[in-house]
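# Survey of secondary and tertiary structure
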Amino acid sequence: MQLVLGAGVALLGVGALTGVGLYLASDDNPTVPATVVDDASLPALVVDGVRLHAEVHGPADAPVVVVLHGGPGDDYRALLPLMPLSDTYRLVFYDQRGAGLSQRVPADRLSVDDYLAELDGVIDAHGDRPVHLIGHSWGAMLGAAYVGRHPEKVQSAILVEPGFLTADASRPFLEAVSNPPLSPSLLQHAGWSWLRSLHVDGPDDDAASDFFMLELLGGAPADAHPLGAYFCDRDPTTAHLPHWRFGSTASAAVQSYVQDGAIDLGIDRGLDAYDGPVLLVASGCNTLIGAEHQRTHHLPLFRQGRLEVVQDAGHTLIGEAPDRVVPLFRTFLDQSRAE
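Quick notes on the rules
Residues numbered from 1 in each chain as written. Predicted model: local features only at pLDDT ≥ 70, side-chain atom pairs only at ≥ 80, totals over all residues. Heavy atoms only, no water. Pairing = 2+ DSSP bridges. Helix = DSSP H or I, 4+ residues; strand = E, 2+ residues; numbered from the N terminus. Axes fitted to C-alpha atoms, helices over the stretch in contact; angles between N-to-C directions. Contact = heavy atoms within 4.5 Å. Buried < 20%, exposed > 50% of the residue type's maximum accessible area, 1.4 Å probe, protein only. Polar contact = N/O pair within 3.5 Å; in protein donor to acceptor, adjacent residues only side chain to side chain. Core = buried A, V, L, I, M, F, W, Y, C linked by side-chain atoms within 4.5 Å. Parallel < 35°, antiparallel > 145°, perpendicular 65-115°, else oblique. Left-handed = near helix turned anticlockwise from the far one by under 90°. Nonpolar A, V, L, I, M, F, W, Y, C, P; charged D, E, K, R; others polar.

Looking now at the sheet that holds strand β3 (residues 64–68). The strand order β1-β2-β4-β3-β5-β6-β9-β10 describes an open sheet built from eight strands, whose pairing is mixed. Unpaired on one side and paired on the other, β1 (44–47) and β10 (304–310) mark the two borders of the sheet. Pairs of neighbouring strands in the sheet enclose a mean axial angle of 25°, with direction left out of account. Strand direction decides the pairing type here: β3 and strand β4 (residues 90–94), joined by four bridges, are parallel. Bridge pairing in β4 places Val 67 opposite Phe 93. Across the sheet, helix α8 (residues 291–298) is in contact with β9 (277–283) and β10; its angle to β9 comes to roughly 145°.

On to the side chain of Arg 97. As for its placement among the helices and strands, Arg 97 is situated in the loop between β4 and α2 (112–124). Looking at Arg 97, the relative accessible area reads 1%, which means it is buried. For Arg 97, the side chain forms a polar contact with the main-chain oxygen of Arg 109, separated by 3.2 Å. One polar contact links Arg 97 to Glu 118, side chain to side chain, over a distance of 2.9 Å.

So, on to unusual backbone geometry. The peptide bond linking Gly 71 to Pro 72 adopts the cis configuration, its omega dihedral lying at -5°. The residue Pro 72 is located in the loop between β3 and β4 in this model. For the peptide bond that leads from Gly 202 to Pro 203, omega is 15°, which places it in the cis range. Tracing the chain through its elements places Pro 203 in the loop between α5 (184–197) and α6 (207–218). Positive phi, normally seen in glycine, also occurs at Glu 161, with a value near 45°. Structurally, the position occupied by Glu 161 is in the loop between β6 (154–160) and α4 (167–177). On the accessibility criterion, Glu 161 (0% relative accessible area) is buried. Even without glycine at this site, Arg 234 takes up a positive phi of about 55°.

Counting residues in hydrophobic clusters, the biggest one holds 56 residues, and the most contacted among them are Val 66, Leu 133 and Leu 265. The element best represented in this core is helix α3 (residues 138–149), accounting for eight residues. Ile 134, Ile 158, Leu 279 and Val 281 belong to the second largest nonpolar core, which has 25 residues in total.

Let us now look at the packing of α5 against α6. Packing of α5 against α6 leaves a shortest axis separation of 9 Å and a crossing angle of 155°. It follows from the interaxial angle that α5 and α6 lie roughly antiparallel. The element α5 and its partner α6 pack so that their crossing is right-handed. Where α5 approaches α6, its residues His 189, Ala 190, Ser 193, Trp 194, Arg 196 and Ser 197 are matched on the opposing element by Ala 208, Phe 211, Phe 212, Glu 215 and Leu 216. Across the contact of α5 with α6, the residue classes break down as six nonpolar, three polar and two charged.

Function cannot be inferred from these measures alone, as they are strictly geometric.
Structure (structure tokens):
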């Protein structure tokens, strides 16, 4: 018995030493950028008492285009390849509340209604004419929801691979991403990301969890990436999704809408009242929410909707193929502007 106990103590000791060694080895001085709350040099806009990271480009008298990033929890850095449109349009970029470099807020202020009220405030801050919307992924879902609630404020909308606009469309998405294979490489990656996050020291209380989620999702191995179907050849290294900072609380908040294998965000409410032009954009490589998903689930929701497919690109097509995407968007915006 004493020999068994001694062996057990020895194993615990080895385990403890290994844990300490891994902890020390993971300290590579990880940092997280400050939000607009702590960095006054960042361009900002205050909406509904929340300080948002935001910037505007283009002629002051040009038609306004509001750009909506994905997530929830991403930021607009990956959408900056749209900047060439600012020669003839007034481009408004902003990080949504709780995401990117915008102010962090509690989970109970991250509902769809909160995001829509925020978008309404951003639009009102940039004139009183109807605007054009460009939304990517979650941002396309948010843009569609806004179109249904405020059709009089939107002249046209470009929706790039919205994940789901109805509860039924969310079911195949949830089935695909809810239970990724727990491969050894994924577990190792998750563990290492968590260890590194323990060394994050500020600049605020959300920094460590924001760091962990960005590392976990951004660097997940190809053989077990939960969104592998988004990418060409299921290879996440082909993605173009640079971040300033991820919003972990914003990302998690949407889970509260999951019920009976579906997510009902009420996004499709009122869409039948919108008769403006809508361009749905899909990538050729995305086999989960790509062209077939958009054509089947989303195109019928819009009176003046049409679908364009960008071949040889994945979900992050704006960054992967800007030479084709920007002219496509420009043509649509010019046509919508003339109507």
